[in-house]
Amino acid sequence: MIKPITSLTNQTVKDIRALHMRKEREETGRFLAEGLKIIIDALDQGFAPEVLVFGKSDDRHPMLDRAIRETLAANGEVLEVTREILEKISRKDNPQMVVAVFAQQIKSLKDIDPNTNDVWVALEQVRDPGNLGTIIRTADAAGIGGVILIGDCVDPFSVETVRATMGSVFALPVVKCTREEFLADRARWTGSVVGTLLSATHNHRTADYRRPTLILMGTEQSGLTPEIAAACDTHVKIPMKGRADSLNLSVATGIMIYAAAGL
């Protein structure tokens, strides 16, 4: 049931390595996750790997045994490989000893109901994988409905983004849409749509967070585009009392999520 592989030219190994490329992820609908913790988090959320790869060892962790059992039970593939192969798959000299391939669970706007949660967050043109992964993790921690990606955003299923989510990518919906699709869907958001703008006069703590609240965040460089900013009911800003005149996007989004959620 477990397939030993020692050759770097094995086709399955090549296919897994190719998932570092966005084009391959989009064409196959698959992505790569590294580390036993993330894989166990996925299993806890009901997602079994399509392929599980682990390094040969004389002392297997009990959680790895669980991952092997549940992958095989879901008709997935389990591969035992050499350290050299793990290094090639991970593109690291010191790789995780367990990696897995999962099917992407991407949603569209029509798949979600705004009224199923009090707070949602939408990000326009976010480009940094670390920021996106941290925001997904923060959204999960706050228990909000999900994360909506508007326009040309970084891939939520890149290795870097998935790593930064610490497993939260499996815990809540991630939605992708164009700017036009979002604006056409705007009428369904009957609570408060709150966007952050540098020119805003309202403090983020004093906003009217009517349920369901949708928080809109733009890029650190240019903020929200005029079209998306115009779709907001309210514009707010986070006060800056020190020398710095801006915050990292993931930090600012975390502040807004917790304010809107009343946490």
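Data block above holds the structure.
Predicted model only: the values in this text are computed from it and were never measured. (Residues numbered from 1 in each chain as written. Predicted model: local features only at pLDDT ≥ 70, side-chain atom pairs only at ≥ 80, totals over all residues. Heavy atoms only, no water.)

A.B. asks: Can you walk me through the sheet that holds strand β3 (residues 51-55) in this structure?
C.D. replies: Through backbone hydrogen bonds, the strands of a sheet pair up, either in parallel or in antiparallel fashion. Judged by pairing direction, the sheet is mixed, and its 5 strands sit side by side in the order β1-β4-β3-β5-β2 without closing on themselves. Unpaired on one side and paired on the other, β1 (2-5) and β2 (30-34) mark the two borders of the sheet. Across the sheet, the axes of successive neighbouring strands diverge by a mean angle of 20°, strand direction being ignored. The pairing of β3 with strand β4 (residues 77-81) spans 5 bridges and is classified as parallel. Across the sheet, L52 pairs through a bridge with V78, a residue of β4. Relative to the sheet, helix α4 (residues 62-73) contacts β1, β3, β4 and β5 (98-103), its axis offset from that of β3 by approximately 150°. The sheet contacts of helix α5 (residues 83-90) involve β1, β2, β3, β4 and β5, and relative to β3 the element is tilted by about 130°. (Pairing = 2+ DSSP bridges. Helix = DSSP H or I, 4+ residues; strand = E, 2+ residues; numbered from the N terminus. Axes fitted to C-alpha atoms, helices over the stretch in contact; angles between N-to-C directions. Contact = heavy atoms within 4.5 Å.)

A.B. asks: Honestly, unusual backbone geometry in this entry has me stumped. Any pointers?
C.D. replies: One can expect most non-glycine residues to show negative phi and most peptide bonds to be in trans. Cis geometry is found at the peptide bond from R211 to P212, where omega equals -10°. Its location among the elements puts P212 in the loop between β11 (202-203) and β12 (213-217). With a phi close to 60°, Q125 is a non-glycine residue in the positive phi region. Considering the arrangement of structural elements, one finds Q125 in the loop between β7 (119-124) and α6 (129-142). On the accessibility criterion, Q125 (18% relative accessible area) is buried. With a phi angle near 55°, M166 is a residue other than glycine that sits in the positive phi range. By relative accessible area, M166 is classed as partly exposed at 34%. (Buried < 20%, exposed > 50% of the residue type's maximum accessible area, 1.4 Å probe, protein only.)

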